[in-house]
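# Structural overview for review
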Amino acid sequence: MFEKLRIKEHMEVANCEGLHVGTVDEVKDDAIKLTKSDSSDDMHHFLSLDDIEKIDDNRIYLKEGARIPEGLGNKAVMEDA
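## With respect to the pattern of salt bridges
Charged atoms that come close allow side chains of opposite charge to pair. Under the counting rule described, the total for this entry stands at two salt bridges. Notably, a salt bridge pairs Arg-59 with Glu-12, separated by 3.0 Å at the nearest N-O pair. Here Arg-59 is found in strand 6 (residues 59–62), whereas its partner Glu-12 is found in strand 1 (residues 12–14), with 47 residues between them in sequence. On the accessibility criterion, Glu-12 (25% relative accessible area) is partly exposed. Residue Lys-33 pairs with Glu-26 through a salt bridge whose shortest N-O separation is 3.4 Å. For Lys-33, a relative accessible area of 14% translates into the label buried.

## Focus on the sheet that holds strand 5 (residues 52–56)
Taken together, six strands build an open sheet; the order of strands is 4-3-2-1-6-5 and the sheet is mixed. Lying at the two open borders of the sheet, with one neighbouring strand each, are strand 4 (46–48) and strand 5. Pairwise comparison of adjacent strand axes, ignoring direction, gives a mean angle of 35 degrees for this sheet. Taken together, the three bridges between strand 1 and strand 6 define a ladder with parallel strand orientation. The residue bridging Ala-14 from the neighbouring strand is Tyr-61, located in strand 6.

## Side note on the environment of Val-27
Among the structural elements, Val-27 can be located in strand 2 (residues 20–28). The exposure class assigned to Val-27 is partly exposed, which follows from its relative accessible area of 27%. When sequence neighbours within four positions are dropped, the list of residues in contact with Val-27 reads Lys-4, Ile-7 and Leu-49.

## Considering the packing of aromatic side chains
For any two aromatic rings, the description comes down to two numbers: the centre-to-centre distance and the angle of the planes. This model, assessed by the stated rule, comprises zero aromatic pairs. A cation over a ring is seen here: Lys-54 above Tyr-61, with NZ or CZ 5.0 Å from the ring centre.

## Remarks on the side chain of Lys-33
Inspection of the secondary structure assignment puts Lys-33 in strand 3 (residues 31–34). In this structure Lys-33 touches Thr-23, Val-24, Asp-25, Glu-26, Lys-28, His-44, His-45 and Phe-46, once residues within four positions along its chain are discounted.

About the cut-offs
- Residues numbered from 1 in each chain as written.
- Predicted model: local features only at pLDDT ≥ 70, side-chain atom pairs only at ≥ 80, totals over all residues.
- Heavy atoms only, no water.
- Salt bridge = Lys/Arg side-chain N within 4 Å of Asp/Glu carboxyl O.
- Helix = DSSP H or I, 4+ residues; strand = E, 2+ residues; numbered from the N terminus.
- Buried < 20%, exposed > 50% of the residue type's maximum accessible area, 1.4 Å probe, protein only.
- Pairing = 2+ DSSP bridges.
- Axes fitted to C-alpha atoms, helices over the stretch in contact; angles between N-to-C directions.
- Contact = heavy atoms within 4.5 Å.
- Phe/Tyr/Trp six-rings, centres within 6.5 Å; stacked < 30°, edge-to-face > 60°.
- Lys NZ or Arg CZ within 6 Å of the ring centre and 35° of its normal.

That is the geometry; function is a separate question.
This is the structure:
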């Protein structure tokens, strides 16, 4: 299990395959608030702390099957298209 205190602003969040999902803006209660800059709709999105598999250095890995809001991690791909 991880410690909530280890999650810091600007940490990268990746899915279970290591692909970029977002960047931590802050931790609020039992959720991670992600930066708007990683979302295709320019809105903050939240991930449950229960969906975290592990924290490795400056990267948070989500569990397989974690609910990831649509549009996260896709902005850079959409802008390059």
